[in-house]
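Structural features, examined
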Amino acid sequence: MSFDYDLFVIGGGSGGVRAARVAAGETGAKVALAEEDRYGGTCVIRGCVPKKLMVFASEFSGMVGDAQAFGWDIRPGGFDWNLFHGKLVTELDRLEGVYRNILKNNGVESFDQRARVVDPHTVELADGTRKTAKHILIATGGRPVVPEFPGSDLAITSNEIFHLEKLPENILIVGGGYIASEFAGIMNGLGVKTTQFYRGPQILRGFDEEARGLICDEMRQNGIDVRLETNVVEMTKAGDKIRVKATDGSEDQFDVVMYATGRAPNADDIGLEALGVERGRKGEIIVDEYSQTGVPSIYAIGDVTDRVNLTPVAIREGMAFVETVFKGNPTPVDHELIPTAIFTQPEMGTVGLSEEEAAAQESIEVYTTSFKPMQKSFAGGSQKVLMKLIVSQATRKVLGCHIVAPGAGEMIQLAGIAVKMGATKEDFDRTVAVHPVMAEELVTMRQPVRTA
Ligand code: NDP
């Protein structure tokens, strides 16, 4: 049977674009891709990239005070949201163009419309055109969700935060995950009076407790009103403001309320039900280790599968799919020991098990040090950083590495290589320190602070 294409990809985000480009560019497969929104997906258009640019923008406010302490005669000025936002929009347009060109230059035909699957080898575009393909790859990503409660329609999500007409005077951010905690730091740094509600006892659930505790303390130190064990009961419009009633009995008014309470896979309305493609509890597409669904010609990668929802993981899943299906080399996706960064202020870099997870699994030694970094300390700041290693008593392997410090994301990428290679504590110890840098503490911690 002959098909219009060897591969039809639905979704032009990080995972979909990578799979399409590698399949077409490296194996000569005939590939098409459909995208209903902007090319680049969540990460490039309304996620990691604009977020990181906003982190950069927000960090300058603290630098002025530091620079003064180092002898610079400079004064803090105002932040011009319109100027920054104009440049941000231009940069995102440029990046979207790069993504479109990647596809074009690799011979991938793209369709700027929504697509749905009508049978195991046929895709229907929004204009009614049907295309057949030997393989279909679903890479439609996810979207933010706001829980239903009185006034929930007044909330914005991370999708809208990048396009505020003006910076609010104050903001409430609800949630304690990556997105809520990162945006609390961003908004605070940009000079917005920031409140964060989290329903549980500590933000960043699932990460190392000591690290989460330090981040929360420092966020408060930076001026964010982090209210733990607190949730919204109802929201009502009060003129230009939003009146928020909270579970702690408080009532406050905010210019903007942003919900970052999790994301849902974009798997509805793409024809999966009729084909019997299995979905999970959150609606995610169920796939095996090769990203294959129960319908053999249909694969899915990235956030729509809700495995590990990170751009580099979606890209890996896309590459492993091409390796398996187009290069004849069955390659399962390796989801073990993924280093990751959380761009809170202070930033966190982490790989492997938290102390709590490791202790539940085996006997461990914990090496940890917390200190004032040279630059901040000289400037009179009280901020602390944390370096922490979790070591298996039986194998001596470093099971987890957690860093809370400026630049922690850069550090963990490198420490992640060692941990992924199975480095032992003694391997860390025999590596000579780089002096004077914060990360040298990772190779100079001699005695465990505790065993568990
Ligand atoms: P998360 O799932 O990480 O966090 C959701 C937060 O909202 C949790 O604190 C959760 O609380 C809370 N929550 C859930 N439901 C409710 C509710 N009904 N009322 C109040 N609070 C609620 O989601 P995010 O949206 O922060 O991020 C989504 C994903 O995006 C992440 O998992 C991550 O994979 C990815 N991401 C990665 C980044 C990075 O690598 N730096 C940056 C941004 C996103 P509880 O803990 O109690 O469940």
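Residues numbered from 1 in each chain as written. Predicted model: local features only at pLDDT ≥ 70, side-chain atom pairs only at ≥ 80, totals over all residues. Heavy atoms only, no water.

Some words on the sheet that holds strand 12 (residues 241-246)
Taken in spatial order, the three strands of this open sheet run 11-12-13, and their pairing is antiparallel. Each edge of the sheet is formed by a strand with only one pairing partner; in this case those strands are strand 11 (232-238) and strand 13 (251-254). Along the sheet, successive strands turn relative to each other by an average axial angle of 25°, direction set aside. Sheet topology note: the strand 11/strand 12 ladder contains six bridges and is antiparallel. Considered in strand 12, the bridge of Met-235 is made with Val-244. (Pairing = 2+ DSSP bridges. Helix = DSSP H or I, 4+ residues; strand = E, 2+ residues; numbered from the N terminus. Axes fitted to C-alpha atoms, helices over the stretch in contact; angles between N-to-C directions.)

Focus: the UniProt feature "domain: FAD/NAD(P)-binding" (unreviewed entry) in the chain
UniProt tags residues 5-318 as "domain: FAD/NAD(P)-binding" (unreviewed entry). End C-alpha to end C-alpha, residues 5-318 measures 18 Å, and it is 34% helix and 24% strand. (UniProt positions renumbered as here; feature names shortened; annotations may be inferred.)

So, the pattern of salt bridges
Scanning the model with the defined rule gives 35 salt bridges in all. Residues Lys-327 and Glu-26 are paired through a salt bridge, measuring 2.7 Å at the closest nitrogen-oxygen approach. Here the residue Lys-327 occupies a position in the loop between helix 9 (311-326) and strand 17 (340-342), and Glu-26 occupies one in helix 1 (residues 14-27), the gap between them amounting to 301 residues. When the shortest N-O distance is used, the salt bridge between Asp-208 and Lys-388 registers 2.9 Å. Placement of the pair is Asp-208 in the loop between strand 9 (193-197) and helix 7 (209-221) and Lys-388 in strand 20 (residues 385-392), with a sequence separation of 180 residues. Under the relative-accessibility criterion, Lys-388 is labelled buried at 0%. (Salt bridge = Lys/Arg side-chain N within 4 Å of Asp/Glu carboxyl O. Buried < 20%, exposed > 50% of the residue type's maximum accessible area, 1.4 Å probe, protein only.)

Regarding unusual backbone geometry
With an omega of 15°, the peptide bond running from Gln-345 to Pro-346 counts as cis. Examined against the element boundaries, Pro-346 turns out to sit in the loop between strand 17 and strand 18 (348-352). Put simply, His-435 and Pro-436 share a cis peptide bond, and its omega is -10°. The residue Leu-337 is not glycine, and still its phi comes out positive at about 50°. Assignment of secondary structure puts Leu-337 in the loop between helix 9 and strand 17. Positive phi outside glycine occurs at Arg-396, with the angle close to 70°. Locating Arg-396 in the fold gives a position in the loop between strand 20 and strand 21 (398-404). Taking the relative accessible area as the measure of exposure, Arg-396 reaches 22% and is therefore partly exposed.

Quick look at a nonpolar patch on the surface
Residues Phe-70, Trp-72, Ile-74 and Phe-378 make up a contiguous nonpolar surface patch of about 460 Å² in total accessible area. Along the chain, Phe-378 turns up in helix 11 (residues 374-378). (Patch = residues over 30% accessible without salt bridge, like charges linked within 9 Å, V, L, I, M, F, W, Y side chains within 5 Å. Areas by Shrake-Rupley, 256 points an atom, 1.4 Å probe, with all protein chains shown as cover.)

Topic: the site of the ligand
For the ligand, the set of nearby residues contains 20 residues, the closest of which are Gly-176, Tyr-198, Arg-205, Asn-309 and Ala-341. In this structure, Tyr-178 approaches the ligand through a main-chain N or O atom, which is 3.3 Å from an oxygen atom. Take Arg-205: an N or O atom from its side chain is 2.8 Å from an oxygen atom of the ligand. Protein coverage of the free-state accessible area of the ligand, which is 920 Å², stands at 76%. Sorting the residues of the shell around the ligand by element identifies helix 6 (178-189) and strand 17 as the ones contributing at least two each. For the shell around the ligand, the element with the highest residue contribution is helix 6, accounting for three residues. (Near = heavy atom within 4 Å. Polar contact = N/O pair within 3.5 Å; in protein donor to acceptor, adjacent residues only side chain to side chain.)

What to know about the pairing of strand 1 (residues 5-10)
The element strand 1 is largely enclosed, with a buried count of five among its six residues. Relative to strand 6 (residues 130-138), strand 1 is paired through five bridges, and the arrangement is parallel. Directly across from Tyr-5, in strand 6, lies its bridge partner Ala-133. Relative to strand 2 (residues 31-34), strand 1 runs parallel, the two sharing four bridges. Bridging from a neighbouring strand, Ile-10 pairs with Ala-34 of strand 2. Note that the unit made of strand 1, helix 1 and strand 2 has a crossover that is right-handed. (Right-handed = clockwise from strand over helix to strand, strands pointing away.)

Remarks on the packing of helix 3 (residues 48-69) against helix 6
One can describe the packing of helix 3 onto helix 6 by two numbers: an axis separation of 7 Å at closest approach and a directional angle of 45°. Between helix 3 and helix 6, the angle is such that the two are oblique. For the pair helix 3 and helix 6, the crossing hand works out as left-handed. Where helix 3 abuts helix 6, its residues Lys-51, Met-54, Val-55, Ser-58 and Ser-61 lie against Glu-182, Phe-183, Gly-185, Ile-186, Met-187 and Gly-189. (Parallel < 35°, antiparallel > 145°, perpendicular 65-115°, else oblique. Left-handed = near helix turned anticlockwise from the far one by under 90°. Contact = heavy atoms within 4.5 Å.)

A few points about the nonpolar core
One recurring pattern in soluble globular proteins is that nonpolar side chains are buried together. Core analysis: the largest hydrophobic core is formed by 41 residues, its most contacted members being Met-54, Ile-161 and Ile-203. When contributions to this core are tallied by element, the ones reaching two or more residues are helix 3, helix 4 (81-105), strand 8 (170-174), helix 6, helix 7, strand 14 (256-259) and strand 17. Every residue in contact with Ile-203, bar those within four places of it in the chain, is listed here: Gly-176, Ser-181, Gln-196, Tyr-198, Arg-212, Ile-215, Cys-216, Met-219, Val-226 and Leu-228. Within the second largest apolar cluster, 26 residues are counted, among which are Ala-29, Leu-103, Phe-321 and Phe-326. (Core = buried A, V, L, I, M, F, W, Y, C linked by side-chain atoms within 4.5 Å.)

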